[in-house]
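An overview of the molecular structure
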Amino acid sequence: MDAKNKLYEMEGQLSEEIESISEFIFSHPELGNQEFASSQFLAGKLAAHGFDVTYPYLGMDTAFYAQLYCGDGPKVAFLAEYDALPGYGPSKNQNAHACGHNWIAASTLGAAVTLAKLKDTFSGTVIVIGTPAEETTGGKCELVKKGAFGQVDAAIQMHLGAENNCNILTLAMDSIEFRFQGTAAHAAAYPQLGVNALDGVQLTFAGINALRQHMRSDARVAGIVTEGGAACNIVPDSAACRFYIRAKDRAYLKELTQKAINCAKGAELMTGAKMSYSYFENSFDNLVYHDGLRQLLLANLKELGTDSFVESDAEASGSSDIGNVSHVCPVVYCELDTGARPKVHAHNEAFLPYVHGKLAADTLHTAAKAMAATAFDVFQNPGILG
(Lines give C-alpha, C1' and ligand atoms only; values in the text may rest on other atoms or scores of the structure.)
Protein backbone atom coordinates (compact mmCIF):
# COMPACT_ATOMS: atom_id res chain seq x y z
CA MET A 1 0.00 0.00 0.00
CA ASP A 2 1.47 3.39 -0.98
CA ALA A 3 1.75 6.31 1.41
CA LYS A 4 -1.34 8.15 0.16
CA ASN A 5 -3.55 5.13 0.53
CA LYS A 6 -2.22 4.63 4.06
CA LEU A 7 -3.24 8.21 4.81
CA TYR A 8 -6.72 7.64 3.43
CA GLU A 9 -7.10 4.41 5.33
CA MET A 10 -6.00 6.04 8.57
CA GLU A 11 -8.43 8.94 8.08
CA GLY A 12 -11.14 6.33 7.61
CA GLN A 13 -10.20 4.69 10.90
CA LEU A 14 -10.49 8.10 12.57
CA SER A 15 -13.75 9.02 10.82
CA GLU A 16 -16.00 8.59 13.85
CA GLU A 17 -13.79 10.83 15.98
CA ILE A 18 -13.51 13.45 13.23
CA GLU A 19 -17.30 13.56 12.86
CA SER A 20 -17.68 13.85 16.63
CA ILE A 21 -15.44 16.93 16.59
CA SER A 22 -17.72 18.55 14.02
CA GLU A 23 -20.82 17.70 16.05
CA PHE A 24 -19.38 19.03 19.30
CA ILE A 25 -18.47 22.39 17.78
CA PHE A 26 -21.80 22.54 15.94
CA SER A 27 -23.71 21.98 19.18
CA HIS A 28 -21.68 24.62 21.04
CA PRO A 29 -22.02 27.67 18.76
CA GLU A 30 -20.04 30.55 20.23
CA LEU A 31 -19.45 34.01 18.84
CA GLY A 32 -16.01 35.38 17.97
CA ASN A 33 -13.55 35.69 20.86
CA GLN A 34 -16.05 33.86 23.08
CA GLU A 35 -15.29 30.35 21.78
CA PHE A 36 -14.13 29.05 25.15
CA ALA A 37 -15.79 25.61 25.06
CA SER A 38 -14.84 25.06 21.42
CA SER A 39 -11.20 26.09 21.71
CA GLN A 40 -10.68 24.14 24.93
CA PHE A 41 -12.22 21.04 23.34
CA LEU A 42 -10.03 21.29 20.22
CA ALA A 43 -6.84 21.96 22.18
CA GLY A 44 -7.60 18.95 24.39
CA LYS A 45 -8.14 16.71 21.38
CA LEU A 46 -4.78 17.66 19.91
CA ALA A 47 -2.99 17.16 23.22
CA ALA A 48 -4.52 13.69 23.47
CA HIS A 49 -2.99 12.87 20.07
CA GLY A 50 0.50 13.87 21.14
CA PHE A 51 0.63 17.48 20.03
CA ASP A 52 2.49 20.05 22.11
CA VAL A 53 -0.26 22.61 22.76
CA THR A 54 -0.04 26.26 23.79
CA TYR A 55 -3.43 27.50 24.99
CA PRO A 56 -4.29 30.34 25.25
CA TYR A 57 -1.91 31.69 22.63
CA LEU A 58 -0.25 35.09 22.15
CA GLY A 59 -2.56 36.79 24.62
CA MET A 60 -5.70 35.68 22.76
CA ASP A 61 -7.99 33.79 25.13
CA THR A 62 -9.52 31.45 22.55
CA ALA A 63 -6.54 30.96 20.22
CA PHE A 64 -4.20 27.98 20.41
CA TYR A 65 -1.05 26.65 18.76
CA ALA A 66 -0.42 22.91 18.54
CA GLN A 67 2.56 21.24 16.92
CA LEU A 68 3.95 17.76 16.45
CA TYR A 69 7.61 17.54 15.48
CA CYS A 70 8.26 14.62 13.15
CA GLY A 71 11.83 15.39 12.11
CA ASP A 72 13.56 18.17 10.25
CA GLY A 73 11.52 19.49 7.37
CA PRO A 74 8.80 21.95 6.42
CA LYS A 75 6.35 23.30 8.99
CA VAL A 76 2.83 22.93 7.63
CA ALA A 77 -0.08 24.54 9.46
CA PHE A 78 -3.77 23.75 9.28
CA LEU A 79 -5.93 26.72 10.25
CA ALA A 80 -8.91 25.85 12.46
CA GLU A 81 -11.90 28.17 12.75
CA TYR A 82 -14.74 27.69 15.25
CA ASP A 83 -16.72 30.90 15.71
CA ALA A 84 -20.43 30.94 14.97
CA LEU A 85 -22.89 33.58 13.74
CA PRO A 86 -25.81 35.24 15.57
CA GLY A 87 -29.45 35.60 14.50
CA TYR A 88 -30.79 32.11 13.80
CA GLY A 89 -33.62 29.92 15.08
CA PRO A 90 -37.37 30.63 15.14
CA SER A 91 -36.91 33.89 17.05
CA LYS A 92 -33.66 34.83 15.27
CA ASN A 93 -31.88 35.03 18.62
CA GLN A 94 -29.67 31.93 18.52
CA ASN A 95 -26.08 31.41 17.51
CA ALA A 96 -25.44 28.84 14.77
CA HIS A 97 -22.67 27.57 12.52
CA ALA A 98 -24.25 28.86 9.33
CA CYS A 99 -20.79 29.30 7.81
CA GLY A 100 -19.65 25.78 8.72
CA HIS A 101 -16.74 26.64 10.97
CA ASN A 102 -17.46 23.45 12.91
CA TRP A 103 -16.70 21.62 9.65
CA ILE A 104 -13.48 23.62 9.24
CA ALA A 105 -12.38 22.78 12.78
CA ALA A 106 -13.09 19.08 12.26
CA SER A 107 -11.48 18.84 8.83
CA THR A 108 -8.29 20.60 9.91
CA LEU A 109 -7.94 18.52 13.06
CA GLY A 110 -8.80 15.43 11.05
CA ALA A 111 -5.96 16.14 8.63
CA ALA A 112 -3.49 16.85 11.44
CA VAL A 113 -4.37 13.82 13.54
CA THR A 114 -4.26 11.56 10.47
CA LEU A 115 -0.70 12.72 9.80
CA ALA A 116 0.17 12.26 13.48
CA LYS A 117 -0.75 8.59 13.26
CA LEU A 118 1.74 8.18 10.39
CA LYS A 119 4.49 10.45 11.74
CA ASP A 120 7.22 7.87 11.08
CA THR A 121 6.64 8.12 7.31
CA PHE A 122 7.74 11.75 6.78
CA SER A 123 9.94 14.53 8.16
CA GLY A 124 8.48 17.85 9.14
CA THR A 125 6.28 19.55 11.71
CA VAL A 126 2.49 19.30 11.72
CA ILE A 127 0.85 22.42 13.15
CA VAL A 128 -2.73 23.38 13.96
CA ILE A 129 -3.40 27.02 14.74
CA GLY A 130 -6.72 27.84 16.37
CA THR A 131 -7.88 31.13 14.86
CA PRO A 132 -10.82 32.85 16.61
CA ALA A 133 -13.33 35.41 15.38
CA GLU A 134 -12.99 35.05 11.61
CA GLU A 135 -16.50 36.45 11.22
CA THR A 136 -15.84 39.64 13.17
CA THR A 137 -12.51 41.02 14.34
CA GLY A 138 -10.38 38.60 12.32
CA GLY A 139 -8.26 36.53 14.69
CA LYS A 140 -5.77 35.66 11.96
CA CYS A 141 -5.03 39.37 11.51
CA GLU A 142 -4.00 39.57 15.16
CA LEU A 143 -2.00 36.36 14.89
CA VAL A 144 -0.17 37.70 11.84
CA LYS A 145 0.66 40.92 13.67
CA LYS A 146 1.98 38.92 16.62
CA GLY A 147 4.24 36.75 14.48
CA ALA A 148 2.36 33.45 14.68
CA PHE A 149 3.18 32.60 11.05
CA GLY A 150 6.81 33.70 11.06
CA GLN A 151 8.12 30.12 11.04
CA VAL A 152 5.26 28.52 9.04
CA ASP A 153 6.28 27.22 5.61
CA ALA A 154 2.75 26.51 4.33
CA ALA A 155 -0.81 27.04 5.56
CA ILE A 156 -3.83 25.03 4.42
CA GLN A 157 -7.57 25.48 4.92
CA MET A 158 -10.80 24.47 3.21
CA HIS A 159 -14.37 25.76 3.43
CA LEU A 160 -17.81 24.58 2.43
CA GLY A 161 -19.55 26.47 -0.36
CA ALA A 162 -21.95 26.26 -3.28
CA GLU A 163 -19.36 24.88 -5.73
CA ASN A 164 -15.91 23.33 -5.97
CA ASN A 165 -13.62 26.33 -6.19
CA CYS A 166 -9.87 26.66 -5.85
CA ASN A 167 -9.82 30.11 -7.43
CA ILE A 168 -11.55 32.00 -4.64
CA LEU A 169 -11.36 35.76 -4.73
CA THR A 170 -11.47 37.46 -1.36
CA LEU A 171 -11.47 41.23 -1.11
CA ALA A 172 -9.20 43.39 0.97
CA MET A 173 -11.37 45.24 3.49
CA ASP A 174 -11.17 48.22 5.83
CA SER A 175 -13.72 48.67 8.63
CA ILE A 176 -14.07 52.35 9.41
CA GLU A 177 -16.27 54.32 11.81
CA PHE A 178 -16.98 58.05 11.49
CA ARG A 179 -18.17 59.97 14.55
CA PHE A 180 -19.53 63.52 14.48
CA GLN A 181 -19.81 65.75 17.53
CA GLY A 182 -22.11 68.75 17.31
CA THR A 183 -24.11 70.95 19.68
CA ALA A 184 -27.55 70.11 21.03
CA ALA A 185 -30.36 72.65 20.87
CA HIS A 186 -34.15 72.78 20.81
CA ALA A 187 -34.99 71.79 17.25
CA ALA A 188 -37.97 74.16 17.00
CA ALA A 189 -37.27 77.03 19.42
CA TYR A 190 -33.52 77.53 18.92
CA PRO A 191 -32.35 75.47 15.91
CA GLN A 192 -29.87 78.21 15.00
CA LEU A 193 -27.93 77.43 18.18
CA GLY A 194 -27.43 73.80 17.25
CA VAL A 195 -24.77 71.97 15.24
CA ASN A 196 -26.36 68.87 13.75
CA ALA A 197 -24.09 65.82 14.01
CA LEU A 198 -26.59 63.66 12.13
CA ASP A 199 -26.24 65.96 9.13
CA GLY A 200 -22.55 65.05 9.15
CA VAL A 201 -23.44 61.36 8.91
CA GLN A 202 -26.01 61.94 6.17
CA LEU A 203 -23.64 64.06 4.11
CA THR A 204 -20.94 61.40 4.51
CA PHE A 205 -23.34 58.87 3.01
CA ALA A 206 -24.19 61.31 0.22
CA GLY A 207 -20.52 61.84 -0.58
CA ILE A 208 -19.71 58.13 -0.59
CA ASN A 209 -22.76 57.39 -2.73
CA ALA A 210 -21.54 59.99 -5.22
CA LEU A 211 -18.21 58.12 -5.34
CA ARG A 212 -19.84 54.89 -6.47
CA GLN A 213 -20.02 55.81 -10.16
CA HIS A 214 -16.25 56.36 -10.11
CA MET A 215 -15.25 53.20 -8.23
CA ARG A 216 -13.70 50.18 -9.92
CA SER A 217 -16.17 47.38 -10.53
CA ASP A 218 -14.52 45.18 -7.90
CA ALA A 219 -15.06 47.74 -5.11
CA ARG A 220 -17.80 47.32 -2.53
CA VAL A 221 -18.91 49.85 0.09
CA ALA A 222 -21.62 49.05 2.62
CA GLY A 223 -22.55 51.27 5.55
CA ILE A 224 -24.97 51.68 8.42
CA VAL A 225 -25.93 54.46 10.82
CA THR A 226 -25.10 53.38 14.37
CA GLU A 227 -26.12 56.53 16.19
CA GLY A 228 -28.44 59.30 15.03
CA GLY A 229 -29.93 61.23 17.92
CA ALA A 230 -32.21 60.71 20.90
CA ALA A 231 -35.37 62.71 20.13
CA CYS A 232 -36.85 64.60 17.21
CA ASN A 233 -37.08 67.87 19.13
CA ILE A 234 -33.36 67.91 19.94
CA VAL A 235 -30.70 68.78 17.37
CA PRO A 236 -28.50 65.64 17.49
CA ASP A 237 -25.16 66.47 19.07
CA SER A 238 -23.69 63.02 18.51
CA ALA A 239 -23.96 60.69 15.52
CA ALA A 240 -21.94 57.88 14.01
CA CYS A 241 -21.80 55.53 11.04
CA ARG A 242 -19.78 52.50 10.05
CA PHE A 243 -18.60 51.27 6.67
CA TYR A 244 -17.01 48.16 5.22
CA ILE A 245 -14.89 49.26 2.26
CA ARG A 246 -13.58 46.49 -0.01
CA ALA A 247 -11.52 46.03 -3.16
CA LYS A 248 -9.57 43.27 -4.92
CA ASP A 249 -6.20 44.59 -3.82
CA ARG A 250 -4.83 46.51 -0.86
CA ALA A 251 -3.27 49.28 -2.99
CA TYR A 252 -6.60 50.33 -4.52
CA LEU A 253 -8.40 49.86 -1.22
CA LYS A 254 -6.01 52.33 0.43
CA GLU A 255 -6.91 54.90 -2.22
CA LEU A 256 -10.64 54.24 -1.87
CA THR A 257 -10.63 54.40 1.92
CA GLN A 258 -8.89 57.78 1.78
CA LYS A 259 -11.61 59.05 -0.56
CA ALA A 260 -14.25 57.93 1.95
CA ILE A 261 -12.39 59.73 4.72
CA ASN A 262 -12.31 62.84 2.53
CA CYS A 263 -16.10 62.62 2.17
CA ALA A 264 -16.42 62.68 5.96
CA LYS A 265 -13.99 65.60 6.15
CA GLY A 266 -16.18 67.46 3.67
CA ALA A 267 -19.23 66.74 5.82
CA GLU A 268 -17.35 68.19 8.78
CA LEU A 269 -16.67 71.40 6.87
CA MET A 270 -20.26 71.70 5.69
CA THR A 271 -21.89 71.13 9.07
CA GLY A 272 -19.37 72.38 11.59
CA ALA A 273 -19.70 69.11 13.51
CA LYS A 274 -16.30 67.83 14.57
CA MET A 275 -15.43 64.53 12.85
CA SER A 276 -13.20 61.72 14.07
CA TYR A 277 -12.67 58.28 12.62
CA SER A 278 -11.26 54.93 13.69
CA TYR A 279 -10.88 51.39 12.40
CA PHE A 280 -13.32 49.35 14.49
CA GLU A 281 -12.12 45.95 13.26
CA ASN A 282 -8.91 44.60 11.78
CA SER A 283 -8.22 45.34 8.13
CA PHE A 284 -8.33 42.24 5.92
CA ASP A 285 -5.97 41.71 2.98
CA ASN A 286 -6.83 40.07 -0.33
CA LEU A 287 -5.99 36.39 -0.72
CA VAL A 288 -2.79 35.52 -2.59
CA TYR A 289 -2.51 31.87 -3.65
CA HIS A 290 0.67 29.85 -3.75
CA ASP A 291 0.21 28.14 -7.08
CA GLY A 292 2.37 25.11 -6.22
CA LEU A 293 0.22 24.37 -3.18
CA ARG A 294 -2.94 24.94 -5.17
CA GLN A 295 -1.90 22.42 -7.82
CA LEU A 296 -1.09 19.84 -5.13
CA LEU A 297 -4.45 20.27 -3.42
CA LEU A 298 -6.34 20.13 -6.71
CA ALA A 299 -4.53 16.93 -7.71
CA ASN A 300 -5.33 15.30 -4.39
CA LEU A 301 -8.98 16.32 -4.54
CA LYS A 302 -9.31 14.95 -8.06
CA GLU A 303 -7.65 11.70 -6.97
CA LEU A 304 -10.33 11.47 -4.28
CA GLY A 305 -13.08 11.87 -6.88
CA THR A 306 -13.82 15.58 -6.58
CA ASP A 307 -14.09 17.32 -9.93
CA SER A 308 -16.14 19.97 -11.75
CA PHE A 309 -14.11 22.85 -10.35
CA VAL A 310 -15.08 26.32 -11.48
CA GLU A 311 -12.41 27.91 -13.64
CA SER A 312 -12.52 31.33 -12.07
CA ASP A 313 -14.25 33.38 -9.44
CA ALA A 314 -15.30 36.50 -11.28
CA GLU A 315 -17.64 37.52 -8.49
CA ALA A 316 -15.93 38.15 -5.16
CA SER A 317 -17.07 36.04 -2.24
CA GLY A 318 -16.42 38.63 0.47
CA SER A 319 -13.43 39.04 2.75
CA SER A 320 -11.52 36.72 5.04
CA ASP A 321 -8.62 37.07 7.43
CA ILE A 322 -6.84 34.21 5.68
CA GLY A 323 -5.88 36.87 3.15
CA ASN A 324 -3.58 38.41 5.77
CA VAL A 325 -1.91 35.03 6.30
CA SER A 326 -1.30 34.69 2.55
CA HIS A 327 0.83 37.85 2.58
CA VAL A 328 3.30 36.37 5.10
CA CYS A 329 3.50 32.66 4.14
CA PRO A 330 2.40 30.34 1.30
CA VAL A 331 -1.33 29.57 1.50
CA VAL A 332 -3.82 27.36 -0.27
CA TYR A 333 -7.56 27.74 0.32
CA CYS A 334 -10.39 25.90 -1.39
CA GLU A 335 -14.17 25.53 -1.20
CA LEU A 336 -16.01 22.23 -1.56
CA ASP A 337 -19.54 22.01 -2.90
CA THR A 338 -22.02 20.97 -0.21
CA GLY A 339 -23.85 18.90 -2.81
CA ALA A 340 -27.14 20.64 -2.08
CA ARG A 341 -29.50 21.06 -5.03
CA PRO A 342 -30.80 23.68 -5.36
CA LYS A 343 -27.60 25.27 -4.09
CA VAL A 344 -27.35 26.67 -0.60
CA HIS A 345 -25.06 29.48 0.46
CA ALA A 346 -23.14 30.30 3.62
CA HIS A 347 -24.81 32.45 6.29
CA ASN A 348 -28.27 31.31 5.18
CA GLU A 349 -30.23 29.09 7.56
CA ALA A 350 -30.63 26.57 4.73
CA PHE A 351 -26.86 26.03 4.88
CA LEU A 352 -27.01 24.53 8.38
CA PRO A 353 -28.01 20.92 7.52
CA TYR A 354 -25.01 20.64 5.17
CA VAL A 355 -22.29 21.58 7.67
CA HIS A 356 -22.81 18.65 10.05
CA GLY A 357 -24.33 15.20 10.28
CA LYS A 358 -24.89 12.81 7.39
CA LEU A 359 -25.13 15.52 4.73
CA ALA A 360 -21.65 16.80 5.65
CA ALA A 361 -19.85 13.49 6.13
CA ASP A 362 -18.57 13.04 2.57
CA THR A 363 -17.22 16.56 2.22
CA LEU A 364 -15.73 16.47 5.71
CA HIS A 365 -13.68 13.34 5.03
CA THR A 366 -12.71 14.43 1.53
CA ALA A 367 -11.34 17.68 2.96
CA ALA A 368 -9.43 15.96 5.78
CA LYS A 369 -7.87 13.46 3.37
CA ALA A 370 -7.00 16.04 0.73
CA MET A 371 -5.38 18.43 3.21
CA ALA A 372 -3.41 15.63 4.87
CA ALA A 373 -2.23 14.40 1.46
CA THR A 374 -1.22 17.91 0.41
CA ALA A 375 0.83 18.39 3.58
CA PHE A 376 2.40 14.97 3.02
CA ASP A 377 3.38 16.05 -0.52
CA VAL A 378 5.06 19.14 0.92
CA PHE A 379 6.97 17.04 3.45
CA GLN A 380 8.12 14.74 0.65
CA ASN A 381 9.02 17.55 -1.75
CA PRO A 382 9.78 20.82 0.11
CA GLY A 383 11.01 22.37 -3.12
CA ILE A 384 7.40 22.91 -4.16
CA LEU A 385 7.40 25.89 -1.79
CA GLY A 386 10.28 27.59 -3.57
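Just above, that's the structure.
These notes cover the structure that comes with them. (Residues numbered from 1 in each chain as written. Predicted model: local features only at pLDDT ≥ 70, side-chain atom pairs only at ≥ 80, totals over all residues. Heavy atoms only, no water.)

**Re the nonpolar core**
- Phe78, Trp103, Leu115 and Met158 are the most contacted members of the largest nonpolar core, which totals 70 residues.
- The element that contributes the greatest number of residues to this core is helix α10 (residues 358-380), accounting for eleven residues.
- Setting aside its immediate chain neighbours within four residues, Leu115 contacts Leu7, Phe78, Phe122, Val126, Ala372, Ala375, Phe376 and Phe379.
- In this structure, Phe178, Ala219, Ala264 and Ala273 belong to the second largest nonpolar core, which totals 27 residues. (Core = buried A, V, L, I, M, F, W, Y, C linked by side-chain atoms within 4.5 Å. Buried < 20%, exposed > 50% of the residue type's maximum accessible area, 1.4 Å probe, protein only. Helix = DSSP H or I, 4+ residues; strand = E, 2+ residues; numbered from the N terminus. Contact = heavy atoms within 4.5 Å.)

**Quick word on the sheet that holds strand β7 (residues 154-161)**
- An order of β1-β2-β6-β3-β7-β12 is seen for the six strands of this open sheet, with the pairing classed as mixed. Both outer strands of the open sheet, β1 (52-54) and β12 (331-337), are each paired with one neighbouring strand and no more. In this sheet, adjacent strand axes meet at a mean angle of 20 degrees when their direction is disregarded.
- In terms of strand pairing, strand β3 (residues 75-80) meets β7 through three bridges, oriented parallel. Bridged to Val76 within β7 is Ala154.
- The strands that helix α4 (residues 101-117) touches are β2 (64-69), β3, β6 (125-130), β7 and β12; relative to β3, the one it contacts most, it runs at about 150 degrees.
- Along the sheet face, α10 touches β3, β6, β7 and β12 and points at about 160 degrees away from the line of β7. (Pairing = 2+ DSSP bridges. Axes fitted to C-alpha atoms, helices over the stretch in contact; angles between N-to-C directions.)

**Focus on the pairing of β3**
- Of all six residues that make up β3, five are buried, and the element is covered over most of its length.
- One ladder, built from six bridges, connects β3 with β6; its direction is parallel. Residue pairing for β6: Ala77 is matched across the bridge by Ile127.

**Here we look at the side chain of Thr338**
- Position of Thr338 relative to the elements: it lies in the loop between β12 and α10.
- With relative accessibility at 8%, the residue Thr338 sits in the buried group.
- With sequence-adjacent residues up to four places away left out, Thr338 is seen in contact with Leu160, Gly161, Val344, Phe351, Tyr354, Leu359 and Thr363.

**A few points about the packing of aromatic side chains**
- Throughout the structure, instances matching the rule amount to ten aromatic pairs.
- Each ring, one from Phe24 and one from Phe41, has its centre 3.9 Å from the other, and the planes form 15 degrees; the classification is stacked. Pair noted here: Phe24 is in helix α2 (residues 15-27) and Phe41 is in helix α3 (residues 36-48), with a separation of 17 residues, a long-range link.
- One Lys or Arg, Arg294, reaches over the ring of Tyr289 and ends 4.2 Å from the middle of that ring. (Phe/Tyr/Trp six-rings, centres within 6.5 Å; stacked < 30°, edge-to-face > 60°. Lys NZ or Arg CZ within 6 Å of the ring centre and 35° of its normal.)

**Focus: empty space enclosed by the protein**
- Considering all chains together, one arrives at one cavity of 30 Å³ or more under this definition.
- In terms of lining, the largest cavity is formed by Leu14, Glu17, Ile18, Ile21, His49, Leu109, Gly110 and Val113.
- Contributions of two or more residues to the lining of the largest cavity are made by α2 and α4. (1 Å grid on protein atoms, 1.4 Å probe; cavity = no way out; pocket = protein on both sides within 12 Å on 5 of 7 lines; lining within 4 Å. Points joined across faces, edges and corners; volume = space filled by probe spheres on them.)

**Some points on the environment of Val344**
- Residue position: Val344 is located in the loop between β12 and α10.
- Separated by 182 residues in the primary sequence, Val344 and Ala162 have C-alpha atoms spaced 6.0 Å apart.
- Discounting residues that sit within four places of it in the chain, Val344 has contacts with Ala162, Thr338, Ala350, Phe351 and Tyr354.

**Looking at the pattern of salt bridges**
- The full count for this structure, using the stated rule, is 17 salt bridges.
- We note a salt bridge from Glu17 to Lys45, for which the minimum N-O separation is 3.3 Å. Here the residue Glu17 occupies a position in helix α2, and Lys45 occupies one in helix α3, the gap between them amounting to 28 residues.
- Exposure remark for Glu17: the relative accessible area of 23% places this residue in the partly exposed category.
- Bridged by salt links that share partners, the residues Glu81, Lys140 and Asp321 form one connected network. (Salt bridge = Lys/Arg side-chain N within 4 Å of Asp/Glu carboxyl O.)

**Some words on the sheet that holds strand β8 (residues 172-181)**
- Strand order in the open sheet formed by four strands is β9-β10-β8-β11, with antiparallel pairing between adjacent strands. Every other strand in the sheet has two partners, leaving β9 (220-227) and β11 (274-279) as the edge strands with one partner each. Mean inter-strand twist for the sheet, computed between neighbouring axes without regard to direction, equals 20 degrees.
- Sheet topology note: the β8/strand β10 (residues 238-247) ladder contains ten bridges and is antiparallel.

**A word on helix α7 (residues 250-271)**
- Here α7 spans 32 Å end to end across 22 residues, near enough to the 32 Å set by a 1.5 Å rise per residue.
- Looking at α7, one finds that the buried residues are Tyr252, Leu253, Leu256, Thr257, Ala260, Ile261, Cys263, Ala264, Ala267 and Thr271.
- Along its buried surface, α7 packs onto β8, α6 (197-211), β9, β10 and β11. (Expected span 1.5 Å × (residues − 1).)

**Focus on the packing of helix α1 (residues 3-13) against α4**
- The contact between α1 and α4 brings their axes to 9 Å, and the two run at 115 degrees. Crossing angle aside, the handedness with which α1 passes α4 is right-handed. On α4, the residues that touch Leu7, Met10 and Glu11 of α1 are Thr114, Leu115 and Lys117.
- Of the residues that constitute the contact of α1 with α4, the class distribution is three nonpolar, one polar and two charged. (Left-handed = near helix turned anticlockwise from the far one by under 90°. Nonpolar A, V, L, I, M, F, W, Y, C, P; charged D, E, K, R; others polar.)

**Examining unusual backbone geometry**
- Here the amide bond leading from Tyr55 into Pro56 is cis, since omega sits at -5 degrees, within 30 degrees of zero.
- You can see Pro56 is positioned in the loop between β1 and β2.
- A cis amide bond links Arg341 with the next residue in sequence, Pro342, at an omega value of 0 degrees.
- Structurally, the position occupied by Pro342 is in the loop between β12 and α10.
- With phi around 55 degrees, Lys92 is a residue other than glycine that occupies positive phi space.
- Examined against the element boundaries, Lys92 turns out to sit in the loop between β4 (85-88) and β5 (94-96).
- Positive phi is not limited to glycine here, since His347 has a value of about 80 degrees.
- Turning to its location among the elements, His347 is positioned in the loop between β12 and α10.

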